[in-house]
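Coordinate inspection notes
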Amino acid sequence: MRWAVPEAEFMDPGTLGCQGCGGTLSMRLVLKELGDDAIAVLPACCWSIIDGPWPVHALNIPVFHTAFETAAVVATGIKAAKQIKGKDTTVVAWAGDGGTFDIGLQALSGAAERNEDIVFICYDNEAYMNTGIQRSSATPLGTWTTTTPDERPEPRPKKDIMGIMAAHRIPYAATATVAYPDDLSRKVRTALAAKGGMRFLHLLSACPPGWKMAADDAIEAMRRAVQTNVFPLYEVRDGREYKITHWPEAEVDVADYFSLQGRFAPLLADDALLNLVRNNVRERWWFLVERHQQSLRKASSPDGAHLH
Amino acid sequence: MSTLNHVDDYPEIPVSLASTRTILKTGAWRSVRPVLAERSAPCSAACPAGVGIPAYLQDIKEGRPKEAFAALTSRNPFPRITGRVCPHFCEQACNLEEKTGRDSVSIRSIERWLGDETAHLPHPVPSRETGKQVAVVGSGPAGLAAAFYLRRSGHEVTVFDRRDLPGGMLRYGIPDYRLPTVIVDEELARLEAMGIEFRNGVALGSDLTLDDLEATYAAVFVATGAGRERTVGIEGESLLEPGLAFLEATGRGEVALPGDRCAVIGGGNTAMDVARVLRRLGAEVTVLYRRTVTEMPAIREEYEHAVADGVTFKWLTLPRAVKKQDGKLIVTVEDMWLGEPDESGRRRPMPTGVSRELRFHGVFSATGETADLTPFPDRLMSSDGWLSLAENGATTDPLVYAGGDLATGPATVIEAIVAGRRAARAIDHQLGLDRLWPEDNPIEVVGSAEVNPTYVPRHDRTADHVAEWAGPFAEESVTMTDAEVLYEIERCLSCGHCNACGTCFVFCPDGVITWEDGPVIDYEFCKGCGICVAECPGHAMILVNEREVSHV
Ligand SMILES: Cc1cc2nc3c(=O)[nH]c(=O)nc-3n(C[C@H](O)[C@H](O)[C@H](O)COP(=O)(O)OP(=O)(O)OC[C@H]3O[C@@H](n4cnc5c(N)ncnc54)[C@H](O)[C@@H]3O)c2cc1C
Ligand SMILES: Cc1ncc(C[n+]2csc(CCOP(=O)(O)OP(=O)(O)O)c2C)c(N)n1
Ligand code: SF4
Ligand code: SF4
Ligand SMILES: [Mg+2]
């Protein structure tokens, strides 16, 4: 095999994810690195369904279903109980963008601020998919959802969740996507190695029905998000040390990403809006490049070893 | 409100303990199913021999050169030779080039490496003898390939050639700097080790007739090539040196330069090699060709090599007459222009009426070759005076087959090999011996629109290197290193052939592909999203409509 992805599976087939679900694949690949000494906490989201209805479920690790807003705090409690029992089990809060960017943000911020020893993973499909594609604060500017129809597409840019997490100065935060499996695997391993504090992974996860595209385009869509710099792959240590982990070879226009998905029809129909988005993407990319270079300079300066 | 002090104080909560596998048969959602489907890669389809390129590349990659050699030689017994001189029809068709604009995979260089790597391996000896004797006349690539496959089938094979040593154009045409004679000799030794008998210095027609052969042998394959040189048809013809004869003489080590200024008339492969040999021996060489570079029949690479050697080309130059003056040859040439295309599709050279005189020490003719049909009795001829041949080389006499340059006119080594192999197969069939010939390649060819080049590395193509100058006839290029070969193989998409890259396994969202040296799809659960098919680099999987799948 050409891939550095482990062969062992910790997710059974028979999940209820839609055809081509990026969230399902995200879970499958993350679990391969997590192994079986782990517990997943799922707030309300597609994954509450995907894992299967009682009395069956798909993951080969214990899953705790919990209320929409509570993923981080429930994970914190379970970790505390495990610690009391002298167990080193990895506790993962696995939430959608709604359960992370919106309703889950308070609990997440609290856990991050306390630097809880948990891994919080957001599989971001950029809307409330489970309840029928309503917008969230992760929905990008100019996007169609059922609550932001074509005539009135999403008016606000996507919330900068990575910036928020970095501001908490947690040990490790990273973006990743299953379209780059080796990068994803490595980041999960890095997060596991950084145990003792809060780790955050932001995984862009295609949703074919919610993104209005063919199921078999799912990987290509996530790949193009990276190639166009719409979703750069990077990691942040201690909230300050930035590192871009994948450098696109050539500048690919954002339209290449948008044109694959029906949800971006309003963007593609409005040149001014498209230009605005294009500029936002560039600006954001150059911001990251600058942070990346700054971190390199600091690391090579004599007093740069300690950023804290 | 109750206090929760003991585990028994907690209310019961539902817990799922069984696997989704037990009841959620998501395969029922599917309307299309992915299936592994071996199809032809465009390179394999373009190779006259149909060599299964992605498959043997995988063998090399996974450290099985013997298997790669067996796979290759099931269609082409001489990778060491074609790996050096073939015009690589395969590379022209490579999907990588079409899809991405990157250079094609260096298939020929890999083939050459494999040939060299396995040069010490003996060819398989037949497991059983058929007791049939088959004669092959002509020991060029067509005859040698036929002998190889016939012997492999267990026949007793004798190869006759009018020359003192076998090999045909491999020995006496293609010069050593492109194909060293030692390689031809080593290949011949391997054939001898299989039990093939060579009888040299026996000419069909004068020493022996087809009737003589038919009296002794169960079948005869004739591949006497196209070795008769065309004359230029100009005044002073006798002052010209025939190019092919010159190449043969140099091949025998009889090197003689007529002087330091030479001209070669013609634009085919023979002209290129004559010009290059002269140049490499130190002469100043001018090729006189009546059309331009675009219409020239020589293999493009050979023209480029000639230019690199320092050969000069005079285009639109038609020799009209040659005469001798003060020990020099004066060639009168007329300038031409290009008119309408002729039957060959190339623009026809038209006279301008403007003539000049050029001076040389020696002038060589290389304007093409034809077959000598005199050894063939009239009963084998068609009404147009040519040999009457079926596609598999069958003549009108059921015991006699023919092929190679003899049948096609000057062509290529690999086409000659194919003719030999095809005739061997036809002879086997004719003799009623149901030897297991490999199945024919799948007809369906993977198109460039189907492949996914995302996962192959983007590095530049690597091919044979130029060798350091070690004399005019020392091999001019060097075989790639092991590391370079592996690196180059990584660029291959493996069109239509699962090379166990694992991409489908990694990307299946539902984990329904298990890995048993390759992908195994569990249709009980596959939802038919099609991601495995879309991501498979070489599109070795296809989607089939469920309605077309018969259920048991
Ligand atoms: C100078 C030159 C360069 C070439 N370069 C290339 C190249 O780079 N790549 C490529 O693919 N192709 C090349 N070719 C073409 C290639 O060599 C031929 O297409 C190929 O050798 C044809 O094979 P064959 O077996 O049909 O005939 P040949 O190779 O011509 O062999 C015919 C054999 O039959 C023998 N024979 C003839 N008459 C009789 C008789 N009456 N009785 C007994 N034996 C007889 C001859 O002695 C000879 O050994 C080149 C050809 C020439 C001349
Ligand atoms: C407090 C509360 N409000 C609303 C809901 C209904 N609800 C269930 S899942 C969901 C959407 C979840 O969206 P997201 O977190 O993005 O995950 P996704 O379904 O998109 O994977 C909503 C609104 C709920 N379960 N609880
Ligand atoms: S993706 Fe790779 S392993 Fe899967 S079918 Fe294609 S070549 Fe084979
Ligand atoms: S990726 Fe998996 S689920 Fe999708 S079609 Fe292929 S085998 Fe089926
Ligand atoms: Mg969501």
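The structure contained in this document is the topic of the report that follows. (Residues numbered from 1 in each chain as written. Chains lettered and ligands numbered in written order. Predicted model: local features only at pLDDT ≥ 70, side-chain atom pairs only at ≥ 80, totals over all residues. Heavy atoms only, no water.)

It is worth spelling out the pairing of strand 10 (residues 284-288) of chain B at this point. Residues and elements named next belong to chain B. For strand 10, a buried count of four out of five residues is recorded, marking the element as mostly surrounded by other parts of the structure. The pairing of strand 9 (residues 261-265) with strand 10 spans five bridges and is parallel. If you follow Ile265 over to strand 10, its bridge partner there is Leu288. The handedness of the strand 9 to strand 10 crossover, carried by helix 14 (residues 269-280), is right-handed. (Buried < 20%, exposed > 50% of the residue type's maximum accessible area, 1.4 Å probe, protein only. Helix = DSSP H or I, 4+ residues; strand = E, 2+ residues; numbered from the N terminus. Pairing = 2+ DSSP bridges. Right-handed = clockwise from strand over helix to strand, strands pointing away.)

On to the coordination of the magnesium ion (ligand 5). Residues and elements named next belong to chain A. For the magnesium ion (ligand 5), every protein donor is listed as Asp97 (OD), Asn125 (OD1) and Ala127 (O), and the spread of their distances is 1.9 to 2.1 Å. Going along the chain, you hit the donors of the magnesium ion (ligand 5) in the pattern D-x27-N-x1-A. Of this pair, Asp97 sits in the loop between strand 4 (90-95) and helix 4 (98-102) while Ala127 sits in the loop between strand 5 (119-124) and helix 6 (161-167), and the two are 30 residues apart along the sequence. Accessibility assignment for this pair places Asp97 and Ala127 in one class, buried. (Donors = N, O, S within 2.8 Å, 3.2 Å for Na, K, Ca; no water.)

In terms of nonpolar packing, the biggest core is built from 84 residues, with Trp47, Trp94, Trp211 and Ile219 of chain A together with Ile513 of chain B touching the most fellow members. Apart from residues no more than four positions distant in its own chain, Trp47 of chain A is found in contact with Met11, Gly23, Thr24, Met27, Leu42, Leu59, Trp94 and Tyr123 of chain A. In terms of nonpolar packing, the next biggest core, distinct from the first, is built from 71 residues, Ala68, Leu144, Tyr401 and Ala423 of chain B among them. (Core = buried A, V, L, I, M, F, W, Y, C linked by side-chain atoms within 4.5 Å. Contact = heavy atoms within 4.5 Å.)

All names here are of chain B. An order of 5-4-3-6-17 is seen for the five strands of this open sheet, with the pairing classed as parallel. Two strands in the sheet have a free side with no partner beyond their single neighbour: strand 5 (197-200) and strand 17 (400-402). Direction aside, neighbouring strands of the sheet carry axes that sit 20° apart on average. In the sheet, strand 4 (residues 156-161) pairs with strand 5 via four bridges, with the strands oriented parallel. Among the inter-strand pairings, Thr158 is bridged to a residue of strand 5, identified as Glu197. (Axes fitted to C-alpha atoms, helices over the stretch in contact; angles between N-to-C directions.)

With that out of the way, let us pick up the site of ligand 4. As a structural note, the neighbourhood of ligand 4 is formed by Pro34, Cys508, Pro509, Val512, Ile513, Cys526, Lys527, Gly528, Cys529, Gly530, Ile531 and Cys532 of chain B. Classifying every residue of the shell around ligand 4 gives nine nonpolar, two polar and one charged. (Near = heavy atom within 4 Å. Nonpolar A, V, L, I, M, F, W, Y, C, P; charged D, E, K, R; others polar.)

Okay, the packing of helix 9 (residues 141-152) of chain B against helix 17 (residues 413-430) of chain B next. Residues and elements named next belong to chain B. The N-to-C vectors of helix 9 and helix 17 enclose an angle of 35°; their axes lie 7 Å apart at closest approach. Both helix 9 and helix 17 take part in a crossing whose hand is right-handed. On the side of helix 9, the interface is formed by Pro141, Ala142, Ala145, Ala146, Tyr149 and Leu150, while helix 17 contributes Val413, Ala416, Ile417, Gly420, Arg421, Ala424 and Ile427. For the contact of helix 9 with helix 17, a count of residues per class yields eleven nonpolar, one polar and one charged. (Left-handed = near helix turned anticlockwise from the far one by under 90°.)

Honestly, it's all geometry; don't read function into it.
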